[in-house]
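Each chain, letter by letter, is given below.
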Amino acid sequence: MSAPFPDPTLPAPPGDGPLHVAFSGGLDSTALLHLLAHDARARVRGLVALHVHHGLQPPADAWAAHCEAVCAALGVRCEVLRVTVARDGDRGLEAAAREARHAALQARLPPGAVAVLAHHRDDQAETVLLRALRGAGPDGLAAMRPLRPFGAGWLWRPLLAVARAQLLAYAMRHGLHWIEDPSNAADDADRNFLRNRVLPLLRTRWPQADAVLTDVATLQRTTIALLDDEDTAALAKVRTSDPAMLDVARLRTLPTARRARVLRRWIAALGLPPLPRQGSAWCEATLQMPAGDRSPQFDWAHCRLQRWRDLLHAGPQRTPLPREFAVDWAGTAPLVLPGGDRLHLHGPPPDAPLDWQVRARRGGERIALPGRTHSHALKHVLQDRAVPPWLRERLPLLIDASGRVLAAGDLVLDGAFEAWLRDGGRRLRWAHDAAVHDTPAETPSP
């Protein structure tokens, strides 16, 4: 008599890098690791198990030890990655744990390696249903992709077509032992409620509910593929020279449905969390407002959308430069500013020591522009040059020993200072993006 469920068959792993399995020790990842450990294709490329230790449950240490023992029995190297989960965020503990887990896996992934996750067909059905109940469009209903870029490598879900019941049968047939997380039995989280209450009820009427919901995700991915080229072209039309800003006037010319898709694509391209439905509604309302110096904003997940004049800006929330900030700077090494910005003086070192101060704007500053015989109010210069408020609030001033303003970041330069830079083959740069810099830097004293 044949077994009710055959052993799952894994597709060929993508790429050619090593496989790093996210191994929680639960049923799903235990079955996945066992399958890969007995797959010659995976072994020859290199197989590593990564257990993320969240520390959220009392037996977390015992779970890590269990995972190490399972890996030792399979002859697979196991690494325990300890993370700290923010408990006071606005997205809930489950989302915070997922973000911490993904960040840890991403940081550990070498270039070209593949992070392998054990999500299966039941998980995909839950995701489709959950996103439908949250009002998602095609992008959301496409749910989890089998393969996508992830850090320096890839994220691969080879079990999305496999039912959990098939994994359970495989684990029992091979005598596997796994961890049962008691939190999965609680209905507090939305996903758990769907898993424990809603989907079992749906299956009593529609036994193929999981397969049908998974097909919905596949159909939505097909739809998205058809829309992608037009979305890309529309985004290119509304972008400015700064990838973090869109042109409001051009954005307004797009049909409403296309505009929503372009906004989502733009947010994703910036590496920001998905914009919630309220954010899309805020954009629609804001786009109808006339341009002005007001700067309405929408915050979500530590990010911010901000409209100013005919520009729409998106990025992580950044801390304004404290009004009282002031520090001496010799210009010999990059200066780290509060909030992570940096001030650099590139080029040959000066002939004599520099006696400069870097401080925040306090109001009333004036600057003598190149080619002018008198000074101008810095506030008016910044307005005339259309420097947006999200930059103005972080703008560092470079002051000489006499109190003269030499520069406002690298956006506005004093005429004599500009000549000094040019004649000496030097350049002042204010790095005000979120990029990581490898140059050693001076840090202000407290």
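Quick note: structure is the one above.
Residues numbered from 1 in each chain as written. Predicted model: local features only at pLDDT ≥ 70, side-chain atom pairs only at ≥ 80, totals over all residues. Heavy atoms only, no water.

1. A look at the overall build of the chain
What the chain contains, in helices and strands, is 15 helices and 20 strands. For the chain, the residues scored as buried account for 44% of the 446 residues in total. Taking the contacts inside the chain whose residues are at least 6 apart along the sequence as the reference set, 66% of them involve residues at least 24 apart. Just so you have it, the chain exposes about 22,900 Å², and 55% of that area is on carbon and sulfur atoms. Charged side chains in the chain number 55 positive and 48 negative. The centres of these two groups are separated by 4 Å. (Helix = DSSP H or I, 4+ residues; strand = E, 2+ residues; numbered from the N terminus. Buried < 20%, exposed > 50% of the residue type's maximum accessible area, 1.4 Å probe, protein only. Contact = heavy atoms within 4.5 Å. Areas by Shrake-Rupley, 256 points an atom, 1.4 Å probe, with all protein chains shown as cover. Lys, Arg positive; Asp, Glu negative; His and termini not counted. Charge placed at Lys NZ, Arg CZ, Asp CG, Glu CD.)

2. A few points about helix H15 (residues 415–423)
Within H15, the full set of buried residues consists of Gly415, Phe417 and Leu421. Down the axis of H15, the sector holding all buried residues measures 160 degrees, keeping them to one side. Turning to H15, the residues buried within the fold contact strand S13 (342–346), strand S14 (356–360), strand S17 (396–399), strand S18 (405–408), strand S19 (412–413) and strand S20 (427–431). By the N-cap criterion, in which a side-chain oxygen at the helix start approaches the backbone nitrogen of a residue two or three places on, H15 is capped by Asp414, the distance to Ala416 being 2.9 Å. Positive phi appears at Gly425, one or two residues downstream of H15, with a value of about 65 degrees. (Arc of directions from axis to C-beta. Polar contact = N/O pair within 3.5 Å; in protein donor to acceptor, adjacent residues only side chain to side chain.)

3. Section: the state of the cysteines
For the structure on display, the rule yields zero disulfides. Here Cys67 stays free of any disulfide, with the sulfur of Cys78 as its closest cysteine sulfur at 6.0 Å. Judged by relative accessible area, which is 0%, Cys67 ranks as buried. With no disulfide of its own, Cys71 lies closest to Cys78 among cysteine sulfurs, the gap being 3.9 Å. (Disulfide = S-S within 2.5 Å.)

4. Digging into the pairing of strand S9 (residues 303–308)
When you tally the buried positions in S9, you get six out of six residues, the bulk of the element. Across the two faces of S9 the burial is the same, with Cys303, Leu305 and Arg307 and Arg304, Gln306 and Trp308 all buried. As defined by bridge partners, strand S8 (residues 297–300) adjoins S9 across four bridges and the pair is classed as antiparallel. Opposite Trp300, over in S9, you have Cys303 as the bridge partner. The hairpin formed by S8 and S9 contains two residues between the paired strands, and Ala301 there has a positive phi angle of roughly 45 degrees. Here S9 pairs with strand S10 (residues 311–316) via six bridges, running antiparallel. Across the sheet, Leu305 pairs through a bridge with Ala314, a residue of S10. (Pairing = 2+ DSSP bridges.)

5. A look at the sheet that holds S9
In space, the four strands of this open sheet follow the order S7-S10-S9-S8, with antiparallel pairing throughout. Each end of this open sheet is capped by a strand with a single partner; those strands are strand S7 (245–247) and S8. Neighbouring strand axes in the sheet, compared pairwise and without regard to direction, differ in orientation by 15 degrees on average. Sheet contacts for helix H12 (residues 277–287): S8, S9 and S10; angle to S9, the most-contacted strand, approximately 10 degrees. (Axes fitted to C-alpha atoms, helices over the stretch in contact; angles between N-to-C directions.)

6. Considerations on the nonpolar core
If you look at the biggest cluster of nonpolar residues, it comprises 37 residues, and the most contacted ones within it are Trp329, Trp356, Val358, Leu398, Phe417 and Leu428. The element that contributes the greatest number of residues to this core is S18, accounting for four residues. Here Phe417 is in contact with Trp356, Leu398, Leu406, Ala407 and Leu428, once residues within four sequence places are set aside. Formed by 32 residues, the second largest nonpolar core is a distinct cluster that contains Val70, Cys71, Tyr170 and Ile179. (Core = buried A, V, L, I, M, F, W, Y, C linked by side-chain atoms within 4.5 Å.)

7. Side note on the sheet that holds S19
As summarised here, the arrangement of the five strands in space is S11-S14-S17-S18-S19, forming an open sheet in which the pairing is antiparallel. Two strands in the sheet have a free side with no partner beyond their single neighbour: strand S11 (326–329) and S19. Of the strand pairs in this sheet, S18 and S19 are connected by two bridges, and their pairing is antiparallel. Each bridged residue has a counterpart across the sheet, and for Ala408 the counterpart in S19 is Val412.

8. Things to note about helix H7 (residues 164–173)
Those residues of H7 that sit buried are Gln166, Leu167, Ala169, Tyr170 and Ala171. Contact partners of the buried residues in H7: helix H1 (27–37). A positive phi of about 65 degrees marks Gly175, the residue just after H7.

9. Remarks on the packing of aromatic side chains
For any pair of aromatic rings, the description rests on two quantities: the centre-to-centre distance and the angle between the ring planes. Evaluated as defined, the whole model comprises six aromatic pairs. Ring geometry for Trp329 and Trp356: centres 6.0 Å apart, planes at 45 degrees, overall tilted. Residue Trp329 is found in strand S11, and its partner Trp356 is found in strand S14; the two are separated by 27 residues along the sequence. Comparing Trp329 with Trp356, the two get one shared label, buried. Between the aromatic rings of Trp356 and Trp420, the centroid separation amounts to 5.9 Å while the plane-to-plane angle is 80 degrees, which identifies the pairing as edge-to-face. Of this pair, Trp356 sits in strand S14 while Trp420 is found in helix H15, placing the two residues 64 residues apart along the sequence. A relative accessible area of 7% places Trp356 in the buried class. (Phe/Tyr/Trp six-rings, centres within 6.5 Å; stacked < 30°, edge-to-face > 60°.)

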